[in-house]
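Structure at a glance
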Amino acid sequence: MMKQQMLEHFTKVFGDAEGVEVFFAPGRVNLIGEHTDYNGGHVFPCALTIGTYGAARKRADRKLRFYSVNFPQSGVIESSLDELEPGRAIGWTSYPKGIMWAFAGRGMEMDCGLDLVIFGNIPNGSGLSSSASVEVLTGAVLRALYGFGVSNQDLALIGQYAENHYNGVNCGIMDQFAVAMGKKDNAIFLDTNTLNYEYAPIALEGAKIVIACSNKKRGLADSKYNERRSECEQALAELQKVCGIKTLGDLTEEQFEQYKDAVKSPVRQRRARHAVYENRRTLRAVEALKNNEIALFGQLMNDSHVSLRDDYEVTGIELDTLAEEAWKIEGVIGSRMTGAGFGGCTVSIVKDEAIDAFIEKVGKAYKDKIGYAADFYVVEIGDGPQML
Ligand code: GLA
């Protein structure tokens, strides 16, 4: 159905849909393991069944033409293969162009241009990785249409590279990896230090994953994100003077308590404490899930939020309200902010019979306190990139 719709969009914008291929790449939600991926820790995200669709066709010349159904006011954005260097993209086209640039940098140069129409059904600016979704989607398009020999894991690495070096966001590997390596009904237990990973089935009998979107504009997200990263790097350098670690993820809680005074500022100490404890929490959460201890998994999600609120300071009143109101409701197994923070979403595991009350009560308390509404989505775990 979506394939047909995308072909119709393509026809409307570019005249006909002869020879057009349609692709999909998911968004992602992280269940636990937040702000650990650039600290050599573990993460536990999953791909969603919502994401980005793309209809694409090669051209005979070197032109690139982009159109987003989500931003019709931008119209068709034209560029060319000779304008791929950083700094020349307009708006959202910096994501597909960053990928084309990164492919070319690895010796995979497109020999002709492309027309691309995309449509995303991930809520806007929600922290569910719409940008990683567009990046991996573009990688899947280039792989299929130009015959580039890259794996899904390569698509994740190329996506992160483009985000870091083309778009200037110093993100870790989690988002692109979750999007590129997604597997239906499974979360991905990833060691970001080695990229070793394991799929863990999420069989939530009688419960669902519910996302609450704060609708807060994430204005400062990128600069604050980079600031947290450098605070952790500094803390690591201080700790390395007293113990032989490569990343904060190498430390147990006990080791951290033993060495923490090497970190001279109290703020940096709290940042490092979050990174260490959150990593250990993620290991325990995955273990709990394997043992079918879902209540413990939920408690660890709640603890994760508290640590992100108090030690890492990336939540804010909007995400705190969503999580703290959720904790009050019977049938909520766990609730926490997900993604970078500073706005965006919470992820909650909610028993089926409590979902309506959850949406109503959290929604009302949020609107009363914050002044505008949150949006709620009951989501499903889906597969990675596909050609439809
Ligand atoms: C953003 C980044 C990820 C990760 C999360 C926080 O989503 O893109 O790499 O650091 O924030 O866990």
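Above: the structure in question.
Residues numbered from 1 in each chain as written. Predicted model: local features only at pLDDT ≥ 70, side-chain atom pairs only at ≥ 80, totals over all residues. Heavy atoms only, no water.

The next point concerns the pattern of salt bridges. Under the defined criterion, the tally for this structure stands at 30 salt bridges. A salt bridge links E233 to R229, with the nearest nitrogen and oxygen atoms 3.7 Å apart. Here the residue E233 and the residue R229 both occupy positions in helix α6 (residues 221-240), the gap between them amounting to four residues, near one helical turn. Judged by its relative accessible area of 43%, E233 is partly exposed. With relative accessibility at 15%, the residue R229 sits in the buried group. As a salt-bridge pair, R271 and E231 come within 2.7 Å of each other at their nearest N and O atoms. One end of the pair, R271, is in helix α8 (residues 266-290); the other, E231, is in helix α6, with 40 residues separating them in the sequence. Assessed through its relative accessible area of 5%, R271 is described here as buried. Under the relative-accessibility criterion, E231 is labelled buried at 12%. Look at the salt bridges and you will find they share partners, linking K224, E227, R228, E231, R270, R271 and E313 into a network. (Salt bridge = Lys/Arg side-chain N within 4 Å of Asp/Glu carboxyl O. Helix = DSSP H or I, 4+ residues; strand = E, 2+ residues; numbered from the N terminus. Buried < 20%, exposed > 50% of the residue type's maximum accessible area, 1.4 Å probe, protein only.)

Neighbouring the ligand are R28, E34, H35, D37, Y38, C171, G172, M174, D175, Y225, G339 and A340. At 3.2 Å from an oxygen atom of the ligand is found a side-chain nitrogen or oxygen belonging to R28. One of the side-chain nitrogen or oxygen atoms of D175 is found 2.6 Å away from an oxygen atom of the ligand. Protein coverage of the free-state accessible area of the ligand, which is 300 Å², stands at 93%. Of the residues assigned to the shell around the ligand, the class counts are five nonpolar, three polar and four charged. (Near = heavy atom within 4 Å. Polar contact = N/O pair within 3.5 Å; in protein donor to acceptor, adjacent residues only side chain to side chain. Areas by Shrake-Rupley, 256 points an atom, 1.4 Å probe, with all protein chains shown as cover. Nonpolar A, V, L, I, M, F, W, Y, C, P; charged D, E, K, R; others polar.)

A separate point is the packing of helix α2 (residues 94-105) against helix α4 (residues 152-165). Packed helices, taken two at a time, are described by the angle between their axes plus the distance between the axes. Contact geometry for α2 and α4: axes closest at 9 Å, N-to-C directions at 110°. Our classification of the angle between α2 and α4 gives roughly perpendicular. Considering how the two elements wind past one another, α2 and α4 form a crossing that is right-handed. In contact with Y95, G98, I99, W101, A102 and F103 of α2, α4 contributes L155, I158, G159, Y161, A162, E163 and H165. Here the residues of the contact of α2 with α4 sort into nine nonpolar, three polar and one charged. (Axes fitted to C-alpha atoms, helices over the stretch in contact; angles between N-to-C directions. Parallel < 35°, antiparallel > 145°, perpendicular 65-115°, else oblique. Left-handed = near helix turned anticlockwise from the far one by under 90°. Contact = heavy atoms within 4.5 Å.)

Here G91 lies in the loop between β5 (77-80) and α2. Take G91: its relative accessible area is 58%, and that puts it in the exposed class. In sequence terms G91 and N215 are 124 residues apart; their C-alpha atoms lie 20 Å from each other.

Our next topic: the packing of aromatic side chains. Using the criterion set out here, one finds 15 aromatic pairs in the structure. With a centroid separation of 6.2 Å and 65° between ring planes, the pair formed by F44 and F297 is classed as edge-to-face. Highlighted residues: F44 in the loop between β2 (42-43) and β3 (45-58) and F297 in helix α9 (residues 294-310), separated in sequence by 253 residues. Using a relative accessible area of 0% as the deciding quantity, one classes F44 as buried. Aromatic side chains W101 and Y161 sit 5.8 Å apart centroid to centroid with 20° between the ring planes, which places their arrangement in the stacked category. Residue W101 is located in helix α2, and its partner Y161 is located in helix α4; the two are separated by 60 residues in the primary sequence. In this arrangement the basic side chain of K58 is found over the ring face of Y146, its NZ or CZ atom lying 4.8 Å from the centre. Its guanidinium or amino end placed over the ring of Y161, R106 lies 6.0 Å from that ring's centre, counting from NZ or CZ. (Phe/Tyr/Trp six-rings, centres within 6.5 Å; stacked < 30°, edge-to-face > 60°. Lys NZ or Arg CZ within 6 Å of the ring centre and 35° of its normal.)

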